[in-house]
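Survey of secondary and tertiary structure
Here are the chains, one letter per residue:
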Amino acid sequence: MLALTKHRGPDGEGTFCVENVGIGQRRLSIIDLEGGKQPLSNSEKTLWITYNGELYNYKKLRKSLQQKGYSFATVSDTEVVLQAYAHWGKDCVRHFRGMFAFGILDILKKELFLARDHFGIKPLVYAHNSEIFAFTSEIQALKPISEINWDIDLTGLDQYLAYQYIPAPNTIYREVRKLPPAHYMLVSFSGEIKEINSYWQLDFKPDQSRTEKDWMEALEETIKESVNSHLVADVPFGAFLSGGIDSSLVVGYMSQMMAKPVKTFSIGFEEEGYSELEYARKVSKHWGTDHHEAIVKADALSILPDLVRHYGEPFGDSSAIPTYYVSQLARKHVAMALSGDAGDELFAGYESYSNRWSRHLSPVPEHLPAYKKGLYPLMNSVFPNKYPLRTSKLFDWQRYIQYYGPGERSHLWKPEFSDQFTHTDAIHQKIWKESEEYSHYQRAQSLDFRTYLPYDILTKVDIASMMHSLEVRIPLLDLRVVELASQIPEKFNINKSSGEWIGKQLLKKIVAKDLGDEFAFRKKMGFAIPIQKWFGETVKSRLELKDRLLSSGNGLDTFFKPTELERIANGSHSGQQWLLVFLQEWLSQNK
């Protein structure tokens, strides 16, 4: 298991075993390079920890625990986690501010305590049956355990087709599960799961008492403090710079805090319309960063086997490819980098909010001129199918985010599997129900924050960066920033003041102070890759696409109708094609 996770920790390894329980760790040294070796124990040797992550409030917690009588043999945050557990037990996680996944062996209680950070920045997967309990960071590390049954979970596979990722607690395997973000679990030494509980949840509670100016000042101060706390490291570090709003904001604050120029890293494409390098260069020039960039060529299929092996299950977000390359570039210069992820979920920045979900704000379509809006209810009463009233139900939202809709999936699956998928949307249904009191856009933000962010964005970044032994920190996903963002009234983040719906207004106004309105309020591009051009422009890529989707015995034909596979292979929906290409490679590797 340790050998299969060496890339996550190339700087050392350790193990500890007691009775029938063993823990191990591969270390990527960032803080206390000598003293932070793991597994680490308390002085009595009754508690042992294997830990992945960083606590940004560890110095404050350390001081507090010292005042309570605890002593420390190292200056690492790992020992702070261990002593916090010694003092607070399972409530220790409520005191942490950072990214983490860890396991603590409590020898006196004969229990294993596992926990994952509030947002799901760090991964934790586990396998459980009557013979074994095992946990790790990546699914591939479970492969040496012969007691695990590797049967496919068809609900997980259907979720992959719908969302391009598999949300916790599911994985592609029946006996392997993900611990959800903001959860802890207790496991006895006998292997029994005694408890799985949530310790925190995002809750939008708008504070209407502050002005827009108040919110901007509070946001600037809080994000600055978060960026500063994320800079604690004993190794060289830098930042991803996409040229977008969020990474530009983070790089700006870093530049103001650091004595030396910030090392920044950008990825672009040869294809026009997909590259934001010109904006990254503008940010770099403005702040005087030590800038590095690279161009990604049309070779998605060449690195596909390596991607599939590390993700461990089907994962269809093709932006894993540029994330892989920007991490590779950064690791040549630094061991840790800051990223601008999470701004869209926290501050309503996605175009799915402004261009799509905005249409469902009222029963009459938003984009119509005033006189047509007046006539629309009458036309609806006469021709309800032609002029339907807009709704804001979960199904309406899912239409915008699903890669294969319910009808497409029912056509794709072979008939013998058609009754297996009643739980595919269960996680969305639960969050939708729990967000009934939220405003229109905050319901969508809640869905994205609790599903798309942890199970797509953060998974993508963690795996792609750790493939290159690079730690990535996310200052916008700091507990203080998130809890402040949850209090901001919707109207300050997304509104129609300029005649069209524009999201992330507060962040854009902050960035515009330094980089101007033209930079801050331009159309959002995102981190997409030109996959359609890559698949369609060369005979070689078209032939490989068809070979993967249509060849007999490719694995796909076990589950899906050949006629539907042929239709997709000959079509132009590159997103759907990429999901099946990734799945086919995964099936090939895991026969």
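Below, the structure is looked at part by part. Remember, it's a predicted structure, so these values are computed and weren't measured experimentally.

**Regarding the overall build of the protein**
Assigned secondary structure in the protein consists of 24 helices and 16 strands. Taking all 591 residues of the protein together, the buried fraction comes to 61%. Sequence-distant contacts in the protein: of pairs separated by 6 or more residues, those separated by 24 or more amount to 70%. Counting only carbon and sulfur atoms, one obtains 50% of the accessible surface of the protein, whose full area is about 24,400 Å². Positive and negative side-chain charges of the protein, numbering 70 and 74 respectively, have mean locations separated by a distance of 2 Å.

**Some thoughts on empty space enclosed by the protein**
On inspection of all chains with the given rule, the structure shows two cavities of 30 Å³ or more. Of the volumes computed, that of the largest cavity is approximately 260 Å³. Every element with two or more residues in the lining of the largest cavity is listed here: α7 (300–311) and α15 (440–466). The element best represented in the lining of the largest cavity is α15, accounting for six residues. In terms of residue class, the lining of the largest cavity is built from 14 nonpolar, four polar and six charged. Each pocket or cavity is described by its volume, and for the second largest cavity that value is around 60 Å³. Every residue lining the second largest cavity is listed: Ile 121, Lys 122, Leu 458, Val 461, Asp 462, Ser 465, Met 466, Val 472 and Ile 474. When residues in the lining of the second largest cavity are grouped by element, the largest group, five residues, is from α15.

**With respect to the nonpolar core**
Grouped together as the largest cluster of nonpolar side chains are 166 residues, with contacts concentrated most on Val 93, Phe 96, Phe 102, Phe 113, Leu 477, Phe 560 and Leu 580. Phe 113 has contacts with Tyr 85, Lys 90, Cys 92, Val 93, Phe 102, Gly 103, Ile 104, Tyr 184, Met 185 and Leu 186, leaving out every residue within four places of it along the chain. Core analysis: the next-biggest nonpolar cluster, separate from the first, contains 18 residues, Trp 48, Leu 114, Phe 133 and Leu 179 among them.

**Quick word on the packing of helix α12 (residues 394–401) against helix α14 (residues 426–434)**
Here α12 crosses α14 at 130°, and the two axes come no closer than 11 Å. By the angle between their directions, the pair α12 and α14 is classed as oblique. Viewed along their axes, α12 and α14 form a crossing whose handedness is right-handed. On the side of α12, the interface is formed by Leu 394, Gln 398 and Ile 401, while α14 contributes His 428, Gln 429 and Trp 432.

**Some words on the side chain of Glu 471**
Along the chain, the position of Glu 471 falls in strand β16 (residues 471–473). Within the structure, the side chain of Glu 471 is placed 2.7 Å from the side chain of Arg 473, a separation counted as a polar contact.

**Notes on a nonpolar patch on the surface**
A grouping of Tyr 371, Leu 375, Leu 378, Val 382 and Phe 383 is seen on the molecular surface, where their side chains present a nonpolar patch of about 530 Å² in accessible area. Of note, Leu 378 is situated in helix α11 (residues 370–382).

**Looking at the sheet that holds strand β5 (residues 98–106)**
Pairing is antiparallel in the open sheet, where six strands are placed in the order β3-β4-β5-β6-β10-β11. Pairing within the sheet leaves two strands with one partner each, and these edge strands are β3 (40–41) and β11 (193–198). Pairing of strand β4 (residues 47–55) with β5 involves nine bridges; the strand directions are antiparallel. Residue Gly 53 lies in a different strand from β5, and its bridge partner there is Phe 100. Those strands touched by helix α2 (residues 77–88) are β3, β4, β5 and β6 (111–116), and its axis lies near 125° from that of β4.

**A closer look at the pairing of β11**
Pairing analysis gives five bridges linking strand β10 (residues 183–188) to β11, with the strands arranged antiparallel. Within β11, the position partnered with Tyr 184 by the bridge is Asn 197. If you look at the hairpin formed by β10 and β11, you'll find four residues sitting between the two strands, and Gly 191 has a positive phi there, around 95°.

**Focus: the pairing of strand β12 (residues 237–240)**
Judged from the three bridges that link them, β12 and strand β15 (residues 336–338) form a sheet pairing that is parallel. Counterpart to Phe 237 in the pairing with β15 is Met 336. For β12 and strand β13 (residues 263–269), the ladder comprises three bridges, and the chain directions are parallel. Opposite Ala 239, over in β13, you have Thr 264 as the bridge partner.

**Thoughts on the pattern of salt bridges**
Where charged atoms from two side chains of opposite charge come close, those side chains can pair. Inspection of every chain in the model, using the stated rule, returns 33 salt bridges. Of the charged contacts in the structure, one is a salt bridge between Lys 110 and Glu 19, with a shortest N-O distance of 2.4 Å. Of this pair, Lys 110 sits in the loop between β5 and β6 while Glu 19 is found in the loop between β1 (13–18) and β2 (21–26), placing the two residues 91 residues apart along the sequence. Residue Lys 110 is classed as partly exposed on the basis of its relative accessible area, which comes to 37%. We note a salt bridge from Arg 177 to Asp 153, for which the minimum N-O separation is 3.0 Å. Residue Arg 177 is located in strand β9 (residues 176–178), and its partner Asp 153 is located in the loop between β8 (133–136) and α3 (154–163); the two are separated by 24 residues in the primary sequence. Each member of the pair, Arg 177 as well as Asp 153, is classed as buried. Beyond isolated ion pairs, a larger network of salt bridges with shared partners links Arg 8, Lys 122, Glu 138 and Asp 462.

**Details of unusual backbone geometry**
Each neighbour pair has its own omega, and for Gln 38 with Pro 39 the value is -5°, a cis peptide bond. If you trace the backbone, Pro 39 turns up in the loop between β2 and β3. At the junction of Ala 168 and Pro 169, the peptide bond is cis and its omega measures out at 10° in the coordinates. Phi at Lys 45 is positive, roughly 60°, even though this residue is not glycine.

Basis of the calculations
- Residues numbered from 1 in each chain as written.
- Predicted model: local features only at pLDDT ≥ 70, side-chain atom pairs only at ≥ 80, totals over all residues.
- Heavy atoms only, no water.
- Helix = DSSP H or I, 4+ residues; strand = E, 2+ residues; numbered from the N terminus.
- Buried < 20%, exposed > 50% of the residue type's maximum accessible area, 1.4 Å probe, protein only.
- Contact = heavy atoms within 4.5 Å.
- Areas by Shrake-Rupley, 256 points an atom, 1.4 Å probe, with all protein chains shown as cover.
- Lys, Arg positive; Asp, Glu negative; His and termini not counted.
- Charge placed at Lys NZ, Arg CZ, Asp CG, Glu CD.
- 1 Å grid on protein atoms, 1.4 Å probe; cavity = no way out; pocket = protein on both sides within 12 Å on 5 of 7 lines; lining within 4 Å.
- Points joined across faces, edges and corners; volume = space filled by probe spheres on them.
- Nonpolar A, V, L, I, M, F, W, Y, C, P; charged D, E, K, R; others polar.
- Core = buried A, V, L, I, M, F, W, Y, C linked by side-chain atoms within 4.5 Å.
- Axes fitted to C-alpha atoms, helices over the stretch in contact; angles between N-to-C directions.
- Parallel < 35°, antiparallel > 145°, perpendicular 65-115°, else oblique.
- Left-handed = near helix turned anticlockwise from the far one by under 90°.
- Polar contact = N/O pair within 3.5 Å; in protein donor to acceptor, adjacent residues only side chain to side chain.
- Patch = residues over 30% accessible without salt bridge, like charges linked within 9 Å, V, L, I, M, F, W, Y side chains within 5 Å.
- Salt bridge = Lys/Arg side-chain N within 4 Å of Asp/Glu carboxyl O.
- Pairing = 2+ DSSP bridges.

In short, the description is geometric, and any link to function would need to be established separately.
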